[in-house]
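Chain by chain, the residues run as shown.
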Amino acid sequence: MKVLHFYKTYYPETFGGVEQVIFQICEGVYAQGIESTVLSTTNGEGSSQKVGQHNAIAVKKNFELLSTPFSTSAISMLKSLSKKVDIIHYHYPWPFMDMAHVIARIDKPSVVTYHSDVVRQKTAMKIYAPLMHRFLSSVNKIVATSPNYIQSSPILRQYAEKTEVIPIGLDENTYPRPEQSILQAWKSKLPEPFFLFVGVLRYYKGLDSLLKACEKLPYPVVIVGSGPEEARLRQTALSFGISNIHFLGALPDEDKVALLHLCHAAVFPSNLRSEAFGISLLEAAMYGKPLISCEIGTGTTYINVHGETGLVIPPDSPTDLNHAMRWLMENPEAAIEMGRNARERYQKLFRAADMSEKYRLLYNNIMAKRNA
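Residues numbered from 1 in each chain as written. Predicted model: local features only at pLDDT ≥ 70, side-chain atom pairs only at ≥ 80, totals over all residues. Heavy atoms only, no water.

A. Region of interest: the packing of helix α1 (residues 17-30) against helix α15 (residues 352-371). Orientation of α1 relative to α15, taken along the N-to-C sense of each, is 75°, at an axis distance of 9 Å. With respect to each other, α1 and α15 are oriented roughly perpendicular. Contacts from Val21, Gln24, Ile25, Gly28 and Val29 in α1 reach Ala352, Met355, Ser356, Tyr359 and Tyr363 in α15. Class assignment for the residues of the contact of α1 with α15 results in 7 nonpolar, 3 polar and no charged. (Axes fitted to C-alpha atoms, helices over the stretch in contact; angles between N-to-C directions. Helix = DSSP H or I, 4+ residues; strand = E, 2+ residues; numbered from the N terminus. Parallel < 35°, antiparallel > 145°, perpendicular 65-115°, else oblique. Contact = heavy atoms within 4.5 Å. Nonpolar A, V, L, I, M, F, W, Y, C, P; charged D, E, K, R; others polar.)

Right, here's the structure in full:
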């Protein structure tokens, strides 16, 4: 069987959460005899290369509007590649993708992994809604990444009869094992117990609340990642004299994993539904760390169960965030137990092998119904 994935960006140009999910699916189903190709857009010239055990084709985008890349080449490439595969696997949201599906007159079996609602562009959503519903109505199956998101998404509730849940899974064997020298180097730089945030610094990550929570917090907080909010956040911390926050920028995976090993707990204060799941939160659970996250009706609370794997607090509440961080630091035995529970929950629900097997079964079911 051959599957074509379609998303706006992909490795090696970008390294976001959706890209990580696509990579894990492609690599996971390869062992089960399924060949995958990923079609995406690029800021540079078009390219075709091998990523792991699958192919990655990038076509040049023409322009970008409201964070949506547009590419006429992508439409023609989608149409061409669709003739060579058995199933097309779309990754939502990307409004141009809906348009490309319609214009290219795709009639192959198709599945959509619904990563997030369109949250920020409320005015544009009114214009886009008819196209979105035409697209979602035409696909064979929709996959949500957590039961929480189905319950809280007004769009997914309209397609409940064709939607199923396949949680995102990670394969810890694809993560590097940091050398002792790297671990020791970070221990020297960060000798005290510290909290860790990992992620792209975007508007919905709730990092303003984290900065305010840190004003009266006696513990170090390490922020790993870069993004559009980085310069503003650094300036805010400087202006308010917040000296216990360490902005490390983007780091190689080996350094990131070393910090995950060394941190006391992971803090993930995302405050909007644009944070539909939380790959970095799941990574911390995989490494057995207690978690702090916000209740926003998405997969973050499917990963982090309050009182079991960590603490769940209201969004945009620096006071609650400060109290949660203090509690985990002042109750180390409870924090260790929560971290152990987080690791067990990862092993039970969020392994890449389980995710891949569920997608394999879904692909087979779609093909069986198509051929019946």
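Let's pick the thread back up.
B. The arrangement of the environment of Phe15 in detail. If you trace the backbone, Phe15 turns up in the loop between β1 (2-6) and α1. Among the residues examined, Phe15 registers a relative accessible area of 60% and is labelled exposed. Taking C-alpha positions, Phe15 is 34 Å from Ala368, a pair spaced 353 residues apart along the chain. (Buried < 20%, exposed > 50% of the residue type's maximum accessible area, 1.4 Å probe, protein only.)

C. Representation of the environment of Leu248 within the structure. Following the sequence through the fold, Leu248 ends up in strand β13 (residues 245-249). Residue classification places Leu248 among the partly exposed positions, given a relative accessible area of 26%. Leu248 sits 25 residues away from Ile223 along the chain, and the two C-alpha atoms are 6.1 Å apart. Residues within four places of Leu248 in sequence aside, it is in contact with Trp186, Val222, Ile223, Val224, Arg234 and Leu259.

D. Seen up close, the side chain of His5. For His5, the location among the structural elements is in strand β1. Here His5 falls in the buried class, since its relative accessible area comes to 0%. Looking at His5, its side chain comes within polar contact range of the side chain of His91, at 2.9 Å. Leave out the neighbours within four places in its chain, and His5 touches Ile22, Ile25, Cys26, Ser36, Thr37, Val38, Leu39, His89, His91 and Tyr363. (Polar contact = N/O pair within 3.5 Å; in protein donor to acceptor, adjacent residues only side chain to side chain.)

E. Up close: a nonpolar patch on the surface. Side chains of Phe63, Leu65 and Leu66 sit close together on the surface and give an oily, nonpolar patch of about 300 Å² of accessible area. Position of Leu66 among the secondary structure elements: in the loop between β5 (63-65) and β6 (68-70). (Patch = residues over 30% accessible without salt bridge, like charges linked within 9 Å, V, L, I, M, F, W, Y side chains within 5 Å. Areas by Shrake-Rupley, 256 points an atom, 1.4 Å probe, with all protein chains shown as cover. Salt bridge = Lys/Arg side-chain N within 4 Å of Asp/Glu carboxyl O.)

F. Looking closely at the pairing of strand β8 (residues 110-114). Buried residues dominate β8, accounting for 5 of its 5 residues. Of the two faces of β8, the one holding Ser110, Val112 and Tyr114 and the one holding Val111 and Thr113 are both buried throughout. Where strand β7 (residues 87-92) and β8 come together, 5 bridges link them in parallel fashion. For His89, the partnering residue across the bridge sits in β8 and is Val111. Across 4 bridges, β8 lies against strand β9 (residues 141-144) in parallel orientation. (Pairing = 2+ DSSP bridges.)

G. Spotlight on the nonpolar core. Formed by 79 residues in total, the largest nonpolar core has its most connected members in Phe195, Leu196, Leu210 and Ile292. Dropping the residues within four chain positions of it, Ile292 is found in contact with Phe195, Ala266, Val267, Phe268, Leu281, Asn304, Leu311, Ile313, Leu321, Ala324, Met325 and Leu328. With 36 residues, the next largest nonpolar core counts Phe6, Phe96, Ala100 and Ala276 among its residues. (Core = buried A, V, L, I, M, F, W, Y, C linked by side-chain atoms within 4.5 Å.)

H. The sheet that holds strand β12 (residues 221-224), seen in detail. Within the open sheet, the 6 strands sit side by side as β13-β12-β11-β14-β15-β16. Their pairing is parallel. Taken across any chain shown, the strands that pair with only one partner, and hence form the sheet edges, are β13 and β16 (310-313). For this sheet, the mean inter-axis angle between neighbouring strands, taken without regard to orientation, is 20°. Here strand β11 (residues 195-198) pairs with β12 via 4 bridges, running parallel. Bridge pairing links Phe195 to Val221 in β12.

I. The pattern of salt bridges, seen in detail. Inspection of every chain in the model, using the stated rule, returns 12 salt bridges. Taking the shortest distance from any N to any O, the salt bridge between Arg343 and Glu172 comes out at 3.1 Å. A residue pair is termed long-range when its members are at least 10 positions apart, and Arg343 in helix α14 (residues 332-349) and Glu172 in the loop between β10 (163-165) and α7 (180-189) qualify at 171 residues. Judged by relative accessible area, which is 21%, Arg343 ranks as partly exposed.

J. Quick look at α14. Compared with the 26 Å implied by 1.5 Å per residue over 18 residues, the 26 Å span of α14 between its first and last C-alpha is a close match. Every buried residue belonging to α14 is among Ala335, Met338, Gly339, Asn341, Ala342, Arg345 and Tyr346, and all of these are buried. Down the axis of α14, the buried side of the element spans an arc of 165°, and every buried residue falls inside it. Of the exposed residues in α14, those oriented more than 90 degrees away from the buried face are Glu333, Ile336 and Lys348. The inward-facing, buried residues of α14 contact α11 (279-286), β15 (291-294), α12 (300-303), β16 and α13 (318-330). (Expected span 1.5 Å × (residues − 1). Arc of directions from axis to C-beta.)

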